[in-house]
Amino acid sequence: MEELKDLKARLAMNRDGGAVKLNAEQKKEAFAFAEGYKKFLDAAKTEREAVSTAIEMAKERGFVEFIPGNKYVPGDKVYYNNRGKALILCVMGNDPLTKGVSIMAAHVDSPRLDLKPNPLYEDGKIALFKTHYYGGIRKYQWPSIPLALHGVIVRADGSKLTISIGENPEDPVFYVTDLLPHLGAEQSKRSLADGIRGEELNVVVGSLPYEGDLTGADSIKMNILKLLNEQYGLVESDFLSAELEVVPADKARDVGFDRSLIAAHGQDDRVCGYTAMMATLDMEEIPTKTCVTILCDKEEIGSEGNTGFQSSYLPYFIDDLAEPYGIKGRKVLSASQCLSADVGAAFDPTFASVYDPKNSCYINGGVCIVKYTGARGKSGSNDASAEYMGYIRRMLDENEVVWQFGELGAVDAGGGGTVACYIANMDVDTVDLGVPVLTMHAPLELTSKIDVFCTYKAFYTFAMRKADFNKL
Ligand code: MN
Ligand code: MN
């Protein structure tokens, strides 16, 4: 009779994989890959910076600006810049477009604090900025950490100013205050969600009064306005036409004695943005299928707006790509497959009760496939088909990509969404795939270098895939 352990080896799912499956050389490669990733994170702390950094890197690899109406041929590499906040990178493959394209879609916006349209005020001898948070933050996490200010301001005369303050060691940083414990007794009775309220996320920007005639009313605010005018030519009303984002001033750092993890802001979802982009830039030969990689904006607030994924810029781009061949864009989309490249919620042993350990992804388990996201019975989810899941797992196994699967927490513990449903709405076969993250949406999030590398490998494998997906 067959021994139980043999039966187990033959029939049961083995989840002891991940990092242990990589050899020493591959681990070294993963750590080296992380160095480039950290540089990208430090250079790209907003969606605009991610797009401009990506364009620079793409140009170095021979990508040129997309011209609608041009008939592109296999091997051509183009990029389409959507308003400086979203980007499409495209490498033309050998297959005709009627055979579909490989879409990888990640978002490069991240939860943060945005300045209000009229942010600057003075109160209690301090100058402050009012903010309105962007995306699903836990507000209590944002006080008492060094903050940087990034973004653009369009002045009344139409001229545009781009700023980044707080990233260089000699730069000042900004700061949200919290109560001292000595006076925090009443505040401590609030619920965690209410511990710091939206209107309490006020950013300290200065404290010295103007020394001229204006000493007195609003002299600290006026001193800040004077400095902003001297340094940047700004007047107060210029804040009305600005997109200014407050993000942690920290650089990406290694975590742990073994340096296996990375702590950095905005890894949801610039980690998938970077890995998908690098898979696209690193292609050594012409892919079989045309590869379309998208770095999109506004995912964290529902993919709204013309730079978000609910906008029509992707189908328009596909239309423009296909038109010179006399092919309808929708025919291309219907034959296409997509990896919705977004992060997964890694199992956190400290808060184990909100996960189903049997269906969670784990740090160092490799790239994570998420069949469905959503909340309250998969609502808002794409829920990939068995056929497409089968195609993807076969592709990863055949190419020895270390992968795992995961669900976004236990049933009814919460939930969330990705861009997967919007791509699937275009009649594209889609599944979520990405890097497991700990402390997602916090000012600094945690990922594993090995998972980042495995995700890059997964995207590269998908971009270079040869086999068609047979829908039936
Ligand atoms: Mn995300
Ligand atoms: Mn998110």
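For the structure itself, look to the data block above.
An account of the accompanying structure is given in this report. Remember, predicted model here, so these are calculated numbers, not experimental data.

Definitions and cut-offs
Residues numbered from 1 in each chain as written. Chains lettered and ligands numbered in written order. Predicted model: local features only at pLDDT ≥ 70, side-chain atom pairs only at ≥ 80, totals over all residues. Heavy atoms only, no water. Core = buried A, V, L, I, M, F, W, Y, C linked by side-chain atoms within 4.5 Å. Buried < 20%, exposed > 50% of the residue type's maximum accessible area, 1.4 Å probe, protein only. Helix = DSSP H or I, 4+ residues; strand = E, 2+ residues; numbered from the N terminus. Contact = heavy atoms within 4.5 Å. Donors = N, O, S within 2.8 Å, 3.2 Å for Na, K, Ca; no water. Pairing = 2+ DSSP bridges. Axes fitted to C-alpha atoms, helices over the stretch in contact; angles between N-to-C directions. Parallel < 35°, antiparallel > 145°, perpendicular 65-115°, else oblique. Left-handed = near helix turned anticlockwise from the far one by under 90°. Nonpolar A, V, L, I, M, F, W, Y, C, P; charged D, E, K, R; others polar.

Burial of nonpolar side chains together is a common tendency in soluble globular proteins. Counting residues in each nonpolar core, the largest one holds 65 residues, and the members touching the most others are Met277, Ile392, Leu433 and Phe459. Looking at which element gives the most residues to this core, the answer is helix α10 (residues 449-463), with nine residues. Apart from residues lying up to four places away in sequence, phenylalanine 459 is in contact with Met104, Cys272, Thr275, Ala276, Ala279, Leu339, Ala341 and Leu433. Core analysis: the next-biggest nonpolar cluster, separate from the first, contains 31 residues, Val78, Cys90, Tyr313 and Val419 among them.

What follows concerns the coordination of the manganese ion (ligand 1). Surrounding the manganese ion (ligand 1) are the protein donor atoms His107 (NE2), Asp268 (OD), Asp342 (OD) and Asp342 (OD), which sit 2.1 to 2.5 Å from the metal. Sequence positions of the residues that donate to the manganese ion (ligand 1) give the spacing H-x160-D-x73-D. Separation of the manganese ion (ligand 1) from the manganese ion (ligand 2) amounts to 3.4 Å, with aspartate 268 serving as a shared donor to the pair. Here aspartate 342 lies in the loop between β15 (337-341) and β16 (344-345) and aspartate 268 lies in helix α5 (residues 267-281), a separation of 74 residues in the sequence. Residues aspartate 268 and aspartate 342 agree in their burial class; the two are buried.

With respect to burial, strand β21 (residues 429-434) is a largely interior element, six of its six residues being buried. Burial along β21 is two-sided: the face carrying Asp429, Val431 and Leu433 and the face carrying Thr430, Asp432 and Gly434 are both buried. The pairing of β15 with β21 spans five bridges and is classified as parallel. When the bridges of β21 are listed, cysteine 338 appears paired with threonine 430. Both strand β17 (residues 367-370) and β21 contribute to a ladder of three bridges, which runs antiparallel. When the sheet's bridge partners are listed, valine 370 is paired in β21 with aspartate 432.

Packing of α5 against α10 leaves a shortest axis separation of 8 Å and a crossing angle of 45 degrees. In terms of orientation, α5 lies oblique with respect to α10. The hand of the α5/α10 crossing is right-handed. In this structure, α5 uses Val271, Cys272, Thr275, Ala276, Met278 and Ala279 to contact α10, whose residues at the interface are Val452, Thr455, Tyr456, Phe459 and Tyr460.

This part takes up the packing of helix α2 (residues 24-43) against α10. Close contact between α2 and α10 brings their axes to 8 Å; oriented N to C, the two are set at 90 degrees. The angle between α2 and α10 falls in the class roughly perpendicular. In this structure, α2 contributes Gln26, Lys27, Glu29, Ala30, Phe31, Phe33, Ala34, Glu35, Tyr37 and Lys38 to the contact, and α10 contributes Lys449, Ile450, Val452, Phe453, Tyr456 and Lys457. Split by residue class, the contact of α2 with α10 holds nine nonpolar, one polar and six charged.

This part covers the coordination of the manganese ion (ligand 2). The manganese ion (ligand 2) binds to the protein through Asp268 (OD), Glu300 (OE), Glu300 (OE) and His441 (NE2), with metal-donor distances spanning 2.1 to 2.6 Å. Written as a sequence motif, the donor residues of the manganese ion (ligand 2) are D-x31-E-x140-H. Of the residues examined, aspartate 268 reaches a relative accessible area of 2% and is grouped as buried.

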